[in-house]
Amino acid sequence: MTSIGISGASGKLGRMVLQSLRSITKRPLVLLSRTPNVLAGISSDLEPRFADFDLIESLQQAMAGVDRLILISTNTLSPDGIRIRQHHAAIDAAIGVGVSHIVYTSFLKADSSPLSLMTADHAMTEAILKDSSIGYSILRNSFYDDLARQFLERADHDGRFVHAAGAGGVAYVTRQQCADAAAVAVSDGFSGRRTLDITGPKAITMPALAELARNSGDRPYFPVEVSREALVERMIAASVPPERAAMSAWIDDGLAQGAGGPASQDFERLTGRKAPEMVL
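Residues numbered from 1 in each chain as written. Predicted model: local features only at pLDDT ≥ 70, side-chain atom pairs only at ≥ 80, totals over all residues. Heavy atoms only, no water.

Asker: How would you explain the pairing of strand β5 (residues 101-107) if you had to name every residue and give the values?
Answerer: Of all the seven residues making up β5, seven are buried; the element is thus mostly covered by neighbouring parts of the structure. Side chains H101, V103, T105 and F107 of β5 all project onto a buried face; the interleaved residues I102, Y104 and S106 project onto the opposite face, where all are buried too. Inspection of the sheet shows strand β4 (residues 66-71) paired to β5 by four bridges, in the parallel sense. Across the sheet, residue L69 finds its bridge partner in β5, namely I102. Where the polypeptide runs from β5 across helix α4 (residues 116-131) and back to strand β6 (residues 135-141), its parallel neighbour, the crossover connection is right-handed. (Buried < 20%, exposed > 50% of the residue type's maximum accessible area, 1.4 Å probe, protein only. Helix = DSSP H or I, 4+ residues; strand = E, 2+ residues; numbered from the N terminus. Pairing = 2+ DSSP bridges. Right-handed = clockwise from strand over helix to strand, strands pointing away.)

Asker: Give a detailed account of unusual backbone geometry, specifying residues and quantitative values.
Answerer: The linkage connecting G261 with the following residue, P262, adopts the cis geometry, with an omega of 5°. Considering the arrangement of structural elements, one finds P262 in the loop between α9 (242-256) and α10 (266-271). The backbone of K109 shows a phi angle near 55°, a positive value even though the residue is not glycine. By the element assignment, K109 lies in the loop between β5 and α4. Residue classification places K109 among the partly exposed residues on the basis of a relative accessible area of 24%.

Asker: Lay out the sheet that holds strand β3 (residues 46-50) in plain terms, naming residues and giving numbers.
Answerer: Spatially, the seven strands line up as an open sheet ordered β3-β2-β1-β4-β5-β6-β8, and their pairing is parallel. In this open sheet, the two edge strands, each paired with only one partner strand, are β3 and β8 (193-198). Here the average twist between neighbouring strands, direction ignored, is 20°. Here β5 runs beside β6; their pairing, made up of seven bridges, is parallel. Bridged to F107 within β6 is N141. (Axes fitted to C-alpha atoms, helices over the stretch in contact; angles between N-to-C directions.)

Asker: Can you explain the packing of aromatic side chains? Please cite residues and give values.
Answerer: The geometry of two aromatic rings is summed up by the distance between their centres and the angle between their planes. With the rule as written, the count across this model stands at two aromatic pairs. Between F107 and F143, the ring centres sit 5.0 Å apart and the planes meet at 85°, which makes this aromatic pair edge-to-face. Within this pair, whereas F107 is found in strand β5, its partner F143 is found in the loop between β6 and α5 (146-152), the two being separated by 36 residues in sequence. No difference in accessibility class separates F107 from F143, as the two residues are buried. Between the aromatic rings of F161 and Y221, the centroid separation amounts to 6.5 Å while the plane-to-plane angle is 70°, which identifies the pairing as edge-to-face. Taken together, the residues F161 in strand β7 (residues 160-163) and Y221 in the loop between α7 (206-216) and β9 (222-225) connect sequence positions 60 residues apart. Classification of F161 by relative accessible area gives buried; the value is 0%. Positioned over the ring face of F222 is R160, at 5.4 Å from the centre of the ring. In this structure, R219 packs its charged tip against the face of Y221, placed 5.0 Å from the ring centre. (Phe/Tyr/Trp six-rings, centres within 6.5 Å; stacked < 30°, edge-to-face > 60°. Lys NZ or Arg CZ within 6 Å of the ring centre and 35° of its normal.)

As C-alpha cells, then:
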C-alpha cells in the first residue's frame, strides 16, 4: 500500500491534517517534521521522519517511498525569498524520489490578490508546480476565522469597532476545514492538476460580522467604517504599535478591494460536505 506524506506534521495544521487522514484512509502515513521526536509514539502505523526544508538531503530521505504528499507552506515569512527556496527544494525532492501528486496549501487569489505582498510566495510556488511534471492539487485557503476575532477585538467599551474594509467581505474558513480539504485531496486518487478555492459558504461583510457577534455573544457590536489613514491613527492612539497598525490597515484596504472573496463551492465539490457556517 502506497504512503501519504505530510510536511509540517508537528505544526497546528499538520496535526489536524493527520487526524483527518486517519479518519478516512488506512494508507501508511509518513510524518515529515524538523522535530519528529514530538510525533514519536502516537501510533504504530505512523512513521515520523526528520525533514528540514533547508536541507535538501533530509527532504529526499524523508520522502523516500511516499506516493502522495501534502506540502503545507512553511511559516518562514521574509523578503529574501527563503520560503520560495524552501518550497522549490521540497517540490524538487518530491519529483526526484517519485512522488506522484502534491497537495499544496496556498492562499486565496494567490496570483491576483490586492494583498500581493502576502500572497507572492504562494503565487511563485504555484508557478513552480505548474512548470513541473508533477500532478498537483492547489488548495487556495481563505482567511482563517482568527481574522474575524481580531476585527472584533478592536471594539471599545460600547462595542464599536473601526475598520477600513468598506463593503468587502471575507469567506472565512477554519483550520479544520482546511485540514479536511487537504486530507480528502491527497487521498481521493485524483491524478491530474486542479486549483480549488477553500472558503466558507459566503463572504461576510463587517456589518454581517457584527450581527453574528451580537447573536453569539453577550454584548453588542457595531462596525464603524473609516479611511485607511484614520484607522492607523485610531489604532496607534489605542496603544497599538505603529507597524502592527499599518499592517492591519493594509489588510483592511485589501479586503475592501476584494481580497477576501468571493465564496466558492469547491470545498463541497471536493469533500461532498457543505462548507461550515461561520461560528464565533
